[in-house]
Each structure stands twice: as C-alpha cells, then as structure tokens.
Amino acid sequence: MSTSALKICPAEDDVEVGDFAQPHVMQVAEQATRRIAPLWPLKHFVAVNPFLGLTDRRFIDAAQVMAQAAGARMTMPRDFYIDAIASGRIADFDLVTALRRTQGRPGLPVDLSALKKTLEASKLAKPAPLATVVDIASEISGHDWSAFVIERISQWAASHFDEGQATWVSPTRHQGLFEAWRRQALIDRTPEVMGLRGFRATIASLPTTIEALFRHALARLQLDDAGLALYLHRLLMSIGGWAGFARYRVWQSELRGRSDATLLELLAVRLAWDVALLDVGESAAAVASQWAKQRQRFDPSDALDSQLAIDHLLHTAYELGWQQALLDQLGKVPTSIAAPRKQVQAVFCIDVRSEVFRRALEKSSTDIETLGFAGFFGMPLEFVPLGQVHGHAQCPVLLTPGITVRQSVSATSASEESAIINLRRVRERAASAWRWFKMAAVSSFAFVETMGWTYAAKLLTDAFGWSRPVPEPATLGLDANVVARLMPSIEPVNDNGHASGLTLETRMQLAEGALKAMSLRKGFARLVMFSGHAASSVNNPHASGLHCGACGGHSGAVNARVAAAILNDRQVRQQLAENGIVIPADTWFLGAEHDTTTDQMRVFDQDTIPATHAEDLAQLQDALCAAGSLARQERAGALNLDHDGDIDAQVLARSRDWSQVRPEWGLAGCAAFIVAPRQRTAALDLAGRSFLNSYDWRLDTDFGVLESIMTAPMVVASWINLQYYASTVDNDAFGCGNKVLHNVVGTLGVLEGNGGDLRSGLPWQSVHDGERLVHEPLRLSVVIAAPIEAINSVISKHASVRELVDNGWIHLFAMLDGASDLQRYRGALLWERAP
C-alpha cells in the first residue's frame, strides 16, 4: 500500500482530538520511521549501519536517543574502559587528548585526576528505555504484556511477510498491512483468553485507516510533536527486527522511485496495542492514571546525560590508542622505486579479509601486484540464474542495477540449453513438492514413520562433512557436468520481452569507468585477474553475510567474469585506446573467486586463455596455492586451530561442518579504510583489519573518482564497521544473540528461540570466541591519500558524507607524501596535524 493510496478518513472514523488535532501528525510518524535502519532478508543479508536514521545527530546525542528509545548502549560497559586503563591499553596521553577534544562539554571532569576519581566511584547499570503504555500495564498488572504484545505481532508478521517457508499462506497477505492485522485481530481470541477482556471490541472501535488511527492515538496519548516522535520511535524499537524488515521494504520501493507505507502501517499496528491497553483489562484505569505521569518523560532535552558523556570520552580515548599505532605504520613513507612491468595484477575486493590474502600473494611471488576495488568491479548488474525469469542485484545496496546478465551454458546449442533449463525446472518442482510433503501438517507424521530410517546414511555423511545438508541453491537441479559449464553471458538478447546482455556502448562505459575508478590506466600486466569473493559454509542462516557485500550479499564471481569478458573484447579495447587507455595486445583479463572461508582460489574460463599465456597461468596457480596456505596459517590462531595438526584440513573441515557456528570470522576486526596507492601499504602487516581501496589522486584530474569513493565504498565500509561495532557493544539491542538458538522464520530472518521479535545484526558468535571479544569496538578510521582541498570539496557537496565525519560516526585522516603530512579532520572543514 503506497502513501499515495492512503484512504481519507470517512465520517464514521472522525474523532474528537481537541488541541492535539495537528494536521502534520503523519509527518511526525514519518519522522519516527526514518530513525529505523533497514534489515535485509537472509537470502541477501548485508551489513547495515544500525544507526542509519540518526547520523544527522552527533554520535553522543544518538547514544542518548537510543538509551531512551531502546535501553541500548552505544559504548562498552564502564568496566571495559577501566580494565583498558589498568592494562595500559588506554594510556594517560589518550585520556588527556580525549579531554582536550571535549573541553567545555557539560558534565565532564575538568582534568585527568578528576576523571580517574570519577571512575573509581562509578558502577553503572545498563540504561532502561522509556516506558510505553504496554510497559506500564505490565508493571501494574504483574503480567508481562510487553513480551506478549511483541510475541503476537511477531507471529502475525512472520505469517504476513513469509516468502516461501510456510506451507499455508496467510489469507490476508494480499491486503494492506494494517488492514490485514486488523482483520485477524478482530477474530483472535488470544488476548482475551490471556486477560484482556473486550480487546476485540476495542480494536473494532478504532479508526480503520492509519492516518485516522494516528490522530486518535495522539488525542489519547496527549503528546506534543517532539514527545510523539520519540514515543513512536520507542514503539518501533520494541519490535525493532520487524520494523527493520519493513524499512527494507520501503528502501527497496524508494530505490525504484515508488512510495511505500509498510513501516507506517506496522507502526500503526504497534500503536493500536498501546491505545487498546488504555481501555481494556482490569488495570486500565490505573494504567491511564500512571500514563498521565509517565508521558512527561517523553520530552527530548538538549541536556546531555553526564554519564553518557564520560563513557563517550573513555571510548574516544580507547580509539585514540589504536589509531596511534595505525598512523605510526602509515607514517613510514616507502622508498619510491620505478617498478618493472608485473606478470600479474590481481584486483581484489576492498574487504578486510582480502588484505590477508593480498599480502600472502605478494609474498608468494614478486611478479604479482595487487589492487583493491569494490568487489562488484563497477558492474552494477542484475544476474538471472539459468532457467529463472527474475534475478538478484549484484551491486551495493545503495545502487539499483542498470543492466541484466543471464546465465548460460558454454559450448552448447540453443536446443540443448533449452532442454537443460526444462529439466532443471522439473527437478526444482519435484524438490519443492517433496519438501512440501515432508513439512506438511499431516503428511509429515507419516513421512517420519515410513521414511525416516532411510535418512540414516545422509545424516552420517552430513555429520562428517562428506555431503551438504541441503543442495547448493545455485546448482539445484543441474548435473555436475552442466555446473562446470555455467557462465554469465554478455551477448545482447531479448527473450520474450526480457532484455539482457550488454551493447558495445554499455561495455565501453563500464570498462572505462571501472579502470579509471581503480586507478588502472597504464602499466597493465600480462595477466590481470579480477577476484570476486564468496564464503563456504553449511547450515548457516547468515551465510550471505559472509559473501560480498558489494555484490548484495552474493558471490562476486559473476561480476569478475563479466568485467574480464568486457575488457577482453577487441572493440572495447579499440575505443579505450582512442580515449587514452591503451591496453597492451598481450594483456589478458581473468575472472576468479576467492573463498574467504578456505582461502582457496578458483580461476574461471581457463579454456579461453591464449596458449601464449599458459606458463603465466601455471605460475599464477602455483602462487595462489602458496598464498592460500600462508593465509590459512595466519588465520589459524584466530580460529583456535591445532597448530600441531594439518591446518589446511582443519580449515576445509570447518567449511563443511554443519555444527560449526564460526566457519570464519567474516569482517570481525574491521577498523580502518585506507584509500591510497598500494605502495603506501604493501610493506605493512595490517592484520586483516583494513579495507584497502587503490587510488592515485594524480590520475584523478577532476577528483570524480575520489567523490565516488567517499560517497559509496567509504559509506558501505562505515555500515559494515558500525554493524560489527553495534553487535559488540550491545548485542541484545543490535545483534541477533546466540546462533545455537536461532530458528529461521519466513526465510526472512531468525528468532532467538521459538518466539520474540525478529533479530537483527550479527550473532554473538560472530564477534566473540567464547572467552574474549574478537571484534574490537572501534569506529572506522578513514585515511585518504589526497589533497585536503579535494576531500573538503566532497564533504561540502554531500550532506550524507558531512554527517558521518562531522558528527563523529567515522574518523577521517588525510595522507600526503611526507611522514609529517598526516592530518586529522576536526570537523567543519578544519584539520589539524595528527600526533
């Protein structure tokens, strides 16, 4: 249901709202929904900044809002920093520097001595959120109505939003969200059975449109604009997971230029419960009386809580200690030596996991240099798997795919490919029918009784990692010989009105844009390899979160192969040469895939490589194999592997173990984003904690590439960093809890246990190894090798970037040629020399 289709409140829905009948109530509600970050479903789960709707505020002010709206922390518990001071992780210099930067902020100690005395006496509890009407009803009655309301909304939302998991489809899912809930609420006796007598009658008496409901609720709650916005935000955070999924629906619609009221309608559902509990139940009068007192607290104040200010100061000092070590490394300017032409240039995703493999690969062969670029390689495409009509986006979620590429089978005729497609569809339908039979409410019992014993062998092979619990979705219904021949096709075709492939003009635009963006305009090697990445794991609901975020939570292999195919096109090369980018005749482009779980590399389309490059390819394969072994050895410590055993075998076993909660560590540890030529970081061991984006500002005449980096990869890196950050500092509020307890719901997300809200963020096992934190909670430190004037120009031009750097969501540094040229951004386009 779109906002443009919202019904005008009919006469029977009119309510007396007195002084609270404000015509812009829907604007206030819309404002509240904008504070919710979207939650992508499991099939393309990507990292999202959980504070996305609050970046227009300072980090510390957002911390106060989240404490009120969700009872959430945005820094670690106070004891964490006290221990860091005691161990020397936070030095006195860091504390003094942090005090200097926050000088004059109310509530802070005046000096280091006063700060330490404050810490000696501090024992702080986690903040409690502001109480809603439902919370007050729980406190007065002694019955946990808060949990009950979340449970009822969650069960209904799981049924309404289900995308194929449920056998029985909700009969009202075709209706608008609020109307669908209202129809079910009118026949659901559960609230009355639990003690809310008259609940259905009360719901029936409420307005039937969301705009009328918001006006009615405003009159009943008697809140002003600011108080109402905070209250509605509080309601949304009480069902934060489902609110995030609804926000995702809105996000997707807005990318396509459409309006969407999904989240507003979900907010109306949650609001209806509060309004109802003012009128129903034995404690209704007491609840209304207590609410009259409680609503005064929904008055956002500019006064900052002094304890939050101290925690923010301590966290700033904690970050300063880590930043100093990073800046000391980057301050060592490498000796400039004219490098001979390399045998191989390997372009990897900027993902922090690539940093480990890139170091290992460069160590394995001096004839290889690596570059970093967003893992979709400048190819914003929709990829349609073989035999399907619709595909999925292979690009960052900030973008909308501009082209479509279909999967085909190499070295086959049209009739043979058609036969393969038809066979696949038959097998998929059979698999779906078999799954329905196994899971149906009645036949499932007969299935277990008669067929259960035949699964003994399957259970055994799955347990030992000899087989997958379920088929790989990308290969379902295909024979092994066909899988080996699958490839993306860039040839322009039009199949029953569905256009796909790339015209020469489009290929040229993509090729030139990609090469300029990765600062690769000359000095091409004999082999240039684009390496996408994916991860191997089984029985892992969040598997897509380990894939390439730049490819929408999918493998980047498709993008790598498309980029290679375009740049091997002779016509494209001819036009590039006319535009000043001359690719040598003996340069060949390859597509490849880096498995970040196993550190194995797969090079695609080897049969198309010229015979003149066979030796180059063989040497590359040897180097990739050696690099994989080195990378696995480096990661073994973090994975707690047995160093006396076979490391390679242990890593491979994790990728096939259906009981493994940590097949790999993903992007845990991410802390820096470095935008610079590779020679500035090639000699450094950055411990797999830095996003590395290749960039040479001397080739960026109009700084258009810098602008694209700061508005896209830098923003995405901050999303990833802040999701890991939030899931670490407060996993209850921003993470999804214990992986062992997860149950997939609607194929959309997970519940922790058998009920409650849809969980967002990362599992605790993704940031903690059971004994210690593996992800260190640090806001992203961005280091850009470019003139300050150019960086300031981008900041001035883009409000979204300005909010990130001016409000303290990321730390920004500029790095030029000299060791003394590291500058720290202070805010408001001002800089200072970094210590």
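Residues numbered from 1 in each chain as written. Predicted model: local features only at pLDDT ≥ 70, side-chain atom pairs only at ≥ 80, totals over all residues. Heavy atoms only, no water.

Caption draft 1: Quick look at the sheet that holds strand β5 (residues 403-409). With respect to topology, four strands assemble into an open sheet ordered β4-β3-β5-β6, the strand pairing being mixed. Edge positions in the sheet fall to β4 (392-394) and β6 (486-489), since each of these pairs with one other strand and no more. Neighbour-to-neighbour, the strand axes of the sheet open up by a mean angle of 35°, direction not taken into account. Strand direction decides the pairing type here: strand β3 (residues 381-384) and β5, joined by four bridges, are parallel. Paired with Phe 383 across the bridge in β5 is Val 405. (Pairing = 2+ DSSP bridges. Helix = DSSP H or I, 4+ residues; strand = E, 2+ residues; numbered from the N terminus. Axes fitted to C-alpha atoms, helices over the stretch in contact; angles between N-to-C directions.)

Caption draft 2: Summary view of the layout of surface pockets. Here the second largest pocket defines a volume of roughly 1,400 Å³. Lining the second largest pocket are 41 residues; nearest its centre among them are Ala 339, Glu 369, Pro 677, Arg 678 and Gln 679. Where the lining of the second largest pocket is concerned, the elements lending two or more residues are α17 (352-364) and β2 (368-373). Ranked by residues supplied to the lining of the second largest pocket, first place goes to β2 with four residues. Counted by class, the lining of the second largest pocket contains 19 nonpolar, 10 polar and 12 charged residues. (1 Å grid on protein atoms, 1.4 Å probe; cavity = no way out; pocket = protein on both sides within 12 Å on 5 of 7 lines; lining within 4 Å. Points joined across faces, edges and corners; volume = space filled by probe spheres on them. Nonpolar A, V, L, I, M, F, W, Y, C, P; charged D, E, K, R; others polar.)

Caption draft 3: Spotlight on the sheet that holds strand β9 (residues 527-534). Pairing within the open sheet is mixed, and its five strands lie in the order β2-β1-β9-β10-β11. Only two strands of the sheet have a single neighbouring strand rather than two, namely β2 and β11 (600-603). Across the sheet, the mean angle separating the axes of adjacent strands is 25° when strand polarity is ignored. Pairing of β9 with strand β10 (residues 588-595) involves eight bridges; the strand directions are parallel. Paired with Val 528 across the strands is Phe 589, a residue of β10. The strands that helix α23 (residues 557-567) touches are β9 and β10; relative to β10, the one it contacts most, it runs at about 175°. (Contact = heavy atoms within 4.5 Å.)

Caption draft 4: Representation of the environment of Asn 738 within the structure. Considering the arrangement of structural elements, one finds Asn 738 in the loop between α29 (731-734) and β14 (742-745). Given a relative accessible area of 29%, Asn 738 falls into the partly exposed group. Along the primary structure Asn 738 and Thr 503 are separated by 235 residues, whereas in three dimensions their C-alpha atoms are 48 Å apart. (Buried < 20%, exposed > 50% of the residue type's maximum accessible area, 1.4 Å probe, protein only.)

Caption draft 5: Just empty space enclosed by the protein, in detail. Summed over all chains, the structure comprises four cavities of 30 Å³ or more. Reported here for the largest cavity is a volume of approximately 150 Å³. Along the walls of the largest cavity sit 17 residues, with His 542, Leu 546, Lys 739, Pro 763 and Ser 766 positioned nearest its centre. Each residue belonging to the lining of the largest cavity can be placed in one class, and the counts come to eight nonpolar, six polar and three charged.

Caption draft 6: Looking closely at the packing of aromatic side chains. Applying the stated criterion to the full structure yields 28 aromatic pairs. Ring plane angle 70° and centroid distance 5.7 Å describe the contact between Trp 40 and Trp 251, whose orientation is recorded as edge-to-face. Taken as a pair, Trp 40 in the loop between α1 (25-33) and α2 (59-70) and Trp 251 in helix α13 (residues 240-255) lie far apart in primary sequence, 211 residues in all. Comparing Trp 40 with Trp 251 shows no difference in burial state: the two are buried. Geometrically, the ring pair formed by Trp 242 and Phe 245 is edge-to-face, given 6.4 Å between the ring centres and 90° between the ring planes. (Phe/Tyr/Trp six-rings, centres within 6.5 Å; stacked < 30°, edge-to-face > 60°.)

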